[in-house]
Amino acid sequence: MTSLATATGVTHRYGDVVALHDVDLEIGEAELVGMLGPNGAGKSTLLALLQGLRHPTAGTVRLFGGDPRDAASRLRLGSTPQETALPPTLRVGEVIDFVGGHFVDAPAGRVPTAELAEEFGLTELLRRQTGALSGGQRRRLSVALAFVGRPQLVLLDEPTTGLDVDGRRALWEAIRRQHDAGATIVVTSHYLEEIEALAKRVVVISEGRVVADDTLAAVLARVGSRWVRLSTPDPDRIATLPGVAASVPDGDGVAFSVHDSDAFVRALVASGLPFSQLQVRGATLEEAFLALTERSAA
Ligand SMILES: Nc1ncnc2c1ncn2[C@@H]1O[C@H](COP(=O)(O)OP(=O)(O)OP(=O)(O)O)[C@@H](O)[C@H]1O
């Protein structure tokens, strides 16, 4: 795997606040990495270090093999911070031209304005001043700008915050297309379904530490429990079967949290207790996220 960005033994302090503590992270070519963590976990700080906006208190950060503070190391990097200020009197097309102008001599050149606008659903807005855009339209433009220099690595900090459901899905599609076309992407989000929809690898950060870094499937499997949902007139007796950790009402049925769903189903059948419409499912990313972040905070 070719490494595009690495953090090795990185600690970052803001005065007394330790925002990151001994973090290791490697972003390889062609990855689409989802970064999750509660508010204040350290995600934005890590992205700021990877793009040379901050320098670690301890440890090493490399971008394309160089120091991210050197402009030359950042030529193949695109990013959208959590908040962007756009010049309000410039038109959308002018802003794209302006930012794109920085990349005309970049190794891969720049994406033509019309093409970028088409990709991010901005074509109808090219002549509109950015001050007259809605919050969602501004966000779409900010994300589009990250891609104007045909970057090899793109860091997106909460790209879809403030977008409605359609806007969010449209942006996911655009991000996926950019990834399929070769871009390596790191995306932070508070929307777990966004990470589930986009990411192949999930990095969970809690209180400045990486508490999970694995494939989405492996992170889900880290939560050892499964849910067995069924309809029954006798939920209380089923809840006393061996291996049941919890039971909660679920629609017109009951969901039982168990560690070994096969053993539970065998015990259920052997018990002779009545049931119907049995379904088994694994943990959701939300459950995995809560379990991982609670465990690290404990
Ligand atoms: N400029 C700063 N000065 C002082 N403390 C800061 C600064 N920036 C961040 N912090 C602190 O560092 C910690 C990590 O913040 P960071 O913004 O990296 O978290 P985050 O995971 O991106 O959070 P969120 O999901 O809320 O955006 C927090 O405790 C935050 O208050």
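Note that the coordinates shown come from a computational prediction; the quantities given were computed from them, not determined experimentally.

**Focus: the domain arrangement of the protein**
Working step 1: Taken domain by domain, the protein consists of domain 1 (3-76 + 152-221) and domain 2 (225-282).
Working step 2: Spacing between the C-alpha centres of domain 1 and domain 2 amounts to 38 Å.

**A look at the sheet that holds strand β12 (residues 253-258)**
Working step 1: Spatially, the four strands line up as an open sheet ordered β11-β12-β10-β13, and their pairing is antiparallel. The open sheet terminates on both sides in strands that have one partner only, identified here as β11 (244-250) and β13 (276-281). The average angle at which neighbouring strand axes cross in this sheet is 20 degrees, direction not considered.
Working step 2: With four bridges connecting them, strand β10 (residues 226-231) and β13 associate as antiparallel partners. When the bridges of β13 are listed, Trp227 appears paired with Arg281.

**Focus on the nonpolar core**
Working step 1: With 61 residues, the main nonpolar core has Leu50 and Val204 as its most contacted residues.
Working step 2: What Val204 contacts, discounting residues up to four positions off in sequence, is Leu36, Gly37, Val211, Ala212, Val219, Phe289, Leu292 and Thr293.
Working step 3: Counting nine residues, the second-largest nonpolar core is a separate cluster that includes Trp227, Val228, Val254 and Val258.

Definitions and limits used
Residues numbered from 1 in each chain as written. Predicted model: local features only at pLDDT ≥ 70, side-chain atom pairs only at ≥ 80, totals over all residues. Domains from an automatic or database assignment. Pairing = 2+ DSSP bridges. Helix = DSSP H or I, 4+ residues; strand = E, 2+ residues; numbered from the N terminus. Axes fitted to C-alpha atoms, helices over the stretch in contact; angles between N-to-C directions. Core = buried A, V, L, I, M, F, W, Y, C linked by C-beta atoms within 7 Å. Buried ≥ 20, exposed ≤ 12 C-beta atoms within 10 Å, placed from the backbone. Contact = placed C-beta atoms within 7 Å.

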